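# A look at the structure
What follows is each chain in one-letter form.
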Amino acid sequence: MKKVLVIDDDQTIMEVMKIVLEEEGYTVLVDSKGTYFSKKSNPLPDIILLDLLLKGEDGREICKTIKADTRTSHIPIIIVSAHTSKEVEKAVGEAGADSYLTKPFDIHKLLEKVAQFT
Amino acid sequence: MITNTIWWSDVQQQIYGLKPGTFKGTYKEVSDLIHPDDVEPIRHKVINCIKNKTDYEDEFRIFHPDNTIHWIKTVSHFYYDELGKPVRMVGINYDNTLRKQENEALKFKAEATKILSSSLNYNATLKTLADLAVHSIADWCSVEMKNEESGILDLVAISHKEPEKIKWALQLRKENPPDLTLDRGASKVLRTGKPEFYQYISDEMLVQAAKDERELKLFRKLGMTGVITVPLIVAGKTIGVITFVSAESRRKYTDYDLQIAELIASRASLAIENSKLYNAVEKERERLNNLVANVPGVVWEAYGRPDENSQQIDFVSNHVEKMLGYTVDEWLSNPNFWLTIVHPEDKERAAKEATNIFTSKQAGVSRFRWMTKSGESVWVEAHSRAVLDEKGNSIGMRGVNMDISQRMELERRKDDFISMASHELKTPITSVKAYAQLLHQLFGKRPDDIPYKYLTRMETQIDKLTDLISDLLDASKAQQGKLEFTKELFDLNTLTDDVIENLQAIANNHTIVKRGKVKRKILADRDRIGQVMTNLITNAIKYSPNKDKVVVSLSEKNNHFKVSVKDFGIGIPKKHQIRIFQQFYRVHEENNKKFEGLGIGLYISHQIVQRHGGEMGVKSKRGDGSTFFFSMPIKSGKRIIN
């Protein structure tokens, strides 16, 4: 079963993403602080859905760290943000993410994106 | 000289004002005729000539029996005996009065002309003129001007060699103000504009002229022997008079004196006129300077192209020092100074925008940051206009630059707030939309069910809410010129089809018809152009509630494409058509039903089109539908500014 890591600090969004993805058969891992990878024993996900604006943390930096680590650099990262598409496009380029989705998203588009990268 | 007798020819006796044969030949007779002030100097000179054995040459004054003074010019030779003692003095005299007077008058004319053309303060000039006159052609000189308000004659200058006499005259005038109804003197000249000339005034004339004993006494004390009164005429109107009076000098005025007096009066009139004009201009200048000084911005004027080093600032208001710390001198002495202190990031754009205003010969507004002397940046809004020469060529610019730092800061905070608010609003909407879609899936199998219908409506409203938030964010960005664009080559026909398809899906009563096409791909921001089309079609549907058709036409001409959206609805009255593209503008008409919306859609669309180098407009008639259109270059080579 493919594992999707959702990094978002909004509990409701996390919950609804979990429902949508689990219904499609994904295993959903959640992280509200962007610290998932600091614990080495955590299983590596197949894809990461990353919010840009976390409390006290910049999603761009989290993205860069993941992409800089040889252990995790291969994992596709989809940025999911309430910023405008132009802003997110810019952030994707800067942080080296693989794709993006703007909030509020269509759940079908979310599933399409995840399927595309897993 | 031995016999103490004098012999005068008949002519000589006439020169001295005597009847031939009446001179008895005594020294006393001669010294009685000579002006008392000149007797001693003559004696002195004669003694010196005898001592040095030279001829005696001199000029002195004598009194004629009519009390007038004449100037005598004399040349005499002494004969000596063998012991060197003078025995005889032989000489010729002639009356030099006229020549002497003419010379004085000429000298006065030259000096007065010089004074009249040297200053614009006419009160002071007229005083100097009067002083000059009493050292040449007159003993008294006064200048009187008609007071525009009270109608009386104001004494603006009076002169006499002795200050005591001036005091006396002023006192006299105070006690006897000039009577403007009199048919003589200044009153008459003021009324008629013609000069008055009394070559010689006898005591009988004084008796006749005086209205009473007291005045006669006064006239006699004044001792007038001649009077010239000339008018001061400005723009055909007599505004005052100059009076020259001969008294102690016993000068007998001639026609030549009158001519000189008239000439000087006309030159004085011209000087007064110039001075008044100058004062009026000065007053106006002062008024403008005051206005400019109180403008809370930098008022400026410059010559030359604004992006060239030769451009010279010609004027800059003092406020510049307060705003930026640079002195007016620094501005005026450094070519193109305004641009050298523009913030490096804004320099290229500011120069380009200013040059556009210069070359377009129009007015315009530009915003940029200036660096203060102490290194801080100040946001300014420059409102400027091209200065044209008489041929209509641009030769410079003038304008006013206002400090808008505070406004920019407020706008930045507002933008930050809107950006944050939209972000915060989108988060719960994301969950609501996702849950709505999840529910939709649950009820998806039964599309005829009421929950399914309600959920569809709910999702539509959630999308509307999302669009409104996006519009708010866009409006805020557009206002700052910060809308982001990503150019790409795309097919406008496909985009139009996509937009129509999306909108047709939610339009209940309207059919959206597409006509025409654009053959070439266009270079623009696909999403933004789609946004403009969506906005125009949505408006067309919204403002034609009782109609069933909206026509979208595509066309191309001269490397430009055009998109028109026509509806058959309520139309827009002419007075609203210009303002309809302004931010937050809503058409309010009586008896109109209220339409939903924020009043920013057209504003954003207009900004998007403008930023692509295109144009947007509307043709509409109330009750007869509207056609909104926009056109822009198909393949713009121009860089789209971000």
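See the structure printed just above.
Residues numbered from 1 in each chain as written. Chains lettered and ligands numbered in written order. Predicted model: local features only at pLDDT ≥ 70, side-chain atom pairs only at ≥ 80, totals over all residues. Heavy atoms only, no water.

Let's shift gears to the overall build of chain A. Secondary structure summary: chain A contains four helices and seven strands in total. Sorting the 118 residues of chain A into buried and exposed places 47% on the buried side. In chain A, of all internal contacts separated by at least 6 residues, the share reaching a separation of at least 24 is 59%. Of the roughly 5500 Å² of accessible surface on chain A, 49% is carried by carbon and sulfur atoms. (Helix = DSSP H or I, 4+ residues; strand = E, 2+ residues; numbered from the N terminus. Buried < 20%, exposed > 50% of the residue type's maximum accessible area, 1.4 Å probe, protein only. Contact = heavy atoms within 4.5 Å. Areas by Shrake-Rupley, 256 points an atom, 1.4 Å probe, with all protein chains shown as cover.)

Turning our eyes to something else, we now look at helix α7 (residues 185-192) of chain B. Residues and elements named next belong to chain B. Considered for burial, the residues of α7 that qualify are G185, A186, S187, V189 and L190. For α7, the elements touching its buried residues are β4 (140-146), β5 (153-160), β6 (196-198), β7 (226-234) and β8 (237-246). Just downstream of α7 lies G193, where phi reads positive at about 75°.

The next subject is the nonpolar core. All names here are of chain B. L492, I529, I537, F561 and F630 are the most contacted members of the largest nonpolar core, which totals 43 residues. In terms of residue count, helix α18 (residues 526-542) provides more of this core than any other element does, seven residues in total. Not counting residues up to four positions away in its chain, the partners in contact with F630 are I529, V532, M533, L536, F561, K562, V563, V609, E615 and M616. Residues I242, L258, I260 and A268 belong to the second largest nonpolar core, which totals 34 residues. (Core = buried A, V, L, I, M, F, W, Y, C linked by side-chain atoms within 4.5 Å.)

Between K103 of chain A and P104 of chain A the backbone carries a cis peptide bond, its omega angle lying at -5°. When you line up the elements, P104 of chain A lands in the loop between β7 (99-102) and α4 (107-117). The backbone of R250 of chain B sits at a positive phi, close to 55°, despite the residue not being glycine. Positionally, R250 of chain B belongs in the loop between β8 and α10 (255-293). With a phi close to 55°, N336 of chain B is a non-glycine residue in the positive phi region. As for its position among the elements, N336 of chain B is in the loop between α12 (328-333) and α13 (337-340).

Turning to the pairing of strand β19 (residues 615-620) of chain B, a few remarks are in order. As judged from the six bridges shared by β19 of chain B and strand β20 (residues 626-633) of chain B, these two strands associate in the antiparallel manner. Among the inter-strand pairings, S620 of chain B is bridged to a residue of β20 of chain B, identified as S626 of chain B. (Pairing = 2+ DSSP bridges.)

On to the environment of V234 of chain B, then. Examined against the element boundaries, V234 of chain B turns out to sit in strand β7. For the pair V234 of chain B and A271 of chain B, spaced 37 residues apart in sequence, the C-alpha separation works out to 9.5 Å.

This part is about the sheet that holds β8 of chain B. Residues and elements named next belong to chain B. Spatially, β5-β4-β8-β7-β6 is the arrangement adopted by the five strands of the open sheet, whose pairing is antiparallel. The open sheet is flanked by β5 and β6, the only strands paired with a single partner. Sheet twist, expressed as the average angle between the axes of neighbouring strands with direction ignored, equals 15°. Note: β7 against β8, nine bridges, orientation antiparallel. Across the sheet, residue I228 finds its bridge partner in β8, namely F244. Running over the sheet, helix α5 (residues 122-133) touches β4, β5 and β8 and is turned about 40° from β5. Along the sheet face, α7 touches β4, β5, β6, β7 and β8 and points at about 145° away from the line of β8. (Axes fitted to C-alpha atoms, helices over the stretch in contact; angles between N-to-C directions.)

Listed as interface residues are 20 residues of chain B and, on the opposing side, 21 residues of chain A. Here chain B meets chain A over a buried area of about 1900 Å², counting both sides, of which 62% is carbon and sulfur. Where chain B packs against chain A, one counts two salt bridges. Residue K86 of chain A pairs with D525 of chain B through a salt bridge whose shortest N-O separation is 2.6 Å. (Buried area = accessible area lost by both parts, 1.4 Å probe. Salt bridge = Lys/Arg side-chain N within 4 Å of Asp/Glu carboxyl O.)

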